[in-house]
Amino acid sequence: EAEALSGQASLETEARTRRVLFVVEGAYADALALEEQITLFRDSLIREVEESLKAGLINYQYGKSDALGVLDIVRSLKETRSEFLRALLNHRLALLDIATAGDDEDLGSWSVDGI
């Protein structure tokens, strides 16, 4: 009976180790992908939309575009910034998953997609 209990404990430990490894690998892959996305936002996308807004405002000032065009660019800038913040949050959550992978029975990756 003791041998069976020892075998069962060994199997449970192995299963838990595999679950933790699975969570860590997934969170690490997510963190790497999100780092690339954050870099893309920071280095080009936000700057491009901000420059488009400046150009749109100048065009509006000189009557070359209408207010709806400027508002559309403002909306795009807000959406871009929102996606950037979502990527930052998801990156932090992935790092948190890595840091706490073995601490909690409720293993799983958190993500903020529906904001």
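Each chain carries its own residue numbering, running from 1 in the written order of its sequence. For this predicted model, a pLDDT threshold of at least 70 governs which residues receive local features, and a threshold of 80 or more governs which side-chain atom pairs are given and counted, while totals over whole chains, interfaces and linings are taken from all residues. Excluded from the side-chain calculation are hydrogens and water; included are all heavy atoms of the structure.

1. Side note on the nonpolar core
This is how it is decided: As used in this record, nonpolar core signifies buried Ala, Val, Leu, Ile, Met, Phe, Trp, Tyr and Cys residues forming a set joined through side-chain atoms within 4.5 Å. The buried label goes to any residue with under 20% of its type's maximum accessible area, the exposed label to any with over 50%, and the partly exposed label to all in between, with areas taken from a 1.4 Å probe on protein chains only. A helix here means a DSSP run of H or I that spans at least four residues, while a strand means a run of E at least two residues long, and both kinds are numbered starting from the N terminus. In this analysis, two residues are considered to be in contact whenever any of their non-hydrogen atoms come within 4.5 Å of each other.
Leu34, Ile38, Phe41, Ile46, Phe84 and Ala87 together form the largest nonpolar core, which totals six residues. Top contributing element to this core by residue count: helix α1 (residues 2-61), with four residues. Residue contacts for Leu34: discarding those within four places in its chain leaves Ala87, Asn90 and His91.

2. Here we look at α1
Put simply, the rule reads: Helices are assigned an expected span. That span is 1.5 Å times one less than the residue count. The bend reported for a residue corresponds to the angle between axes fitted to the seven residues ending at that residue and the seven starting there.
The first and last C-alpha atoms of α1 sit 84 Å apart over 60 residues, in line with the 88 Å expected at 1.5 Å per residue. When the local axis directions of α1 are compared, the greatest deviation, roughly 45 degrees, occurs at Phe41. Inspection of α1 places Val20, Val23, Ala27, Ala31, Leu34, Ile38, Phe41, Ile46, Val49, Leu53 and Gly56 among the buried residues, and these make up the whole buried set. Where α1 is buried, its residues contact α2 (67-99).

3. Some thoughts on the environment of Glu35
Relative to the elements of secondary structure, Glu35 occurs in helix α1. Take Glu35: its relative accessible area is 36%, and that puts it in the partly exposed class.

4. Some remarks on the environment of Arg18
Going by this rule: A 3.5 Å cut-off defines polar contacts: any pair of N or O atoms within that distance qualifies, except that in protein one atom must be a possible hydrogen donor and the other a possible acceptor, and neighbouring residues in sequence count only when both atoms are side-chain atoms.
By the secondary structure assignment, Arg18 is in helix α1. By relative accessible area, Arg18 is classed as exposed at 57%. Engagement of the side chain of Arg18 in a polar contact is seen with the side chain of Glu14, the distance being 2.7 Å.

5. Side note on the packing of α1 against α2
Heads up, the rule is: All axes are obtained by fitting lines to C-alpha atoms, using only the stretch in contact for helices, and the reported angles, taken between N-to-C directions, cover 0 to 180 degrees. Note on angle classes: values under 35 degrees are labelled roughly parallel, values over 145 roughly antiparallel, values of 65 to 115 roughly perpendicular, and the remainder oblique. Should the near helix be turned anticlockwise from the far one by less than a right angle, the crossing is termed left-handed; should it be turned clockwise, right-handed. Throughout this entry, Asp, Glu, Lys and Arg are counted as charged residues, while Ala, Val, Leu, Ile, Met, Phe, Trp, Tyr, Cys and Pro are counted as nonpolar. The remaining residues, Gly among them, count as polar.
Orientation of α1 relative to α2, taken along the N-to-C sense of each, is 160 degrees, at an axis distance of 8 Å. Between α1 and α2, the crossing angle belongs to the class labelled roughly antiparallel. Crossing of α1 against α2: the hand is left-handed. Residue composition of the contact of α1 with α2, by class: 25 nonpolar, seven polar and seven charged.

6. What about α2?
Its 33 residues place the ends of α2 48 Å apart at the C-alpha level, agreeing with the 48 Å of an ideal helix rising 1.5 Å per residue. Taken together, the buried positions of α2 are occupied by Val70, Leu77, Thr80, Phe84, Arg86, Ala87, Asn90, His91, Leu93, Ala94 and Asp97. Elements in contact with the buried residues of α2: α1.

7. Concerning the pattern of salt bridges
Under the convention used in this document: Any carboxyl oxygen of Asp or Glu that lies within 4 Å of a side-chain nitrogen of Lys or Arg is treated as forming a salt bridge with it.
What the rule picks out here adds up to five salt bridges. In this structure, the salt-bridge partner of Glu14 is Arg18, at a minimum N-O distance of 2.7 Å. Within this pair, Glu14 and its partner Arg18 are both found in helix α1, separated by four residues, close to a single helical turn. Put simply, Arg75 and Asp72 hold a salt bridge, and the shortest N to O gap is 2.3 Å. Linking Arg75 with Asp72, this pair stays in helix α2, spanning three residues, or about one helical turn. For Arg75, a relative accessible area of 40% puts it in the partly exposed group.

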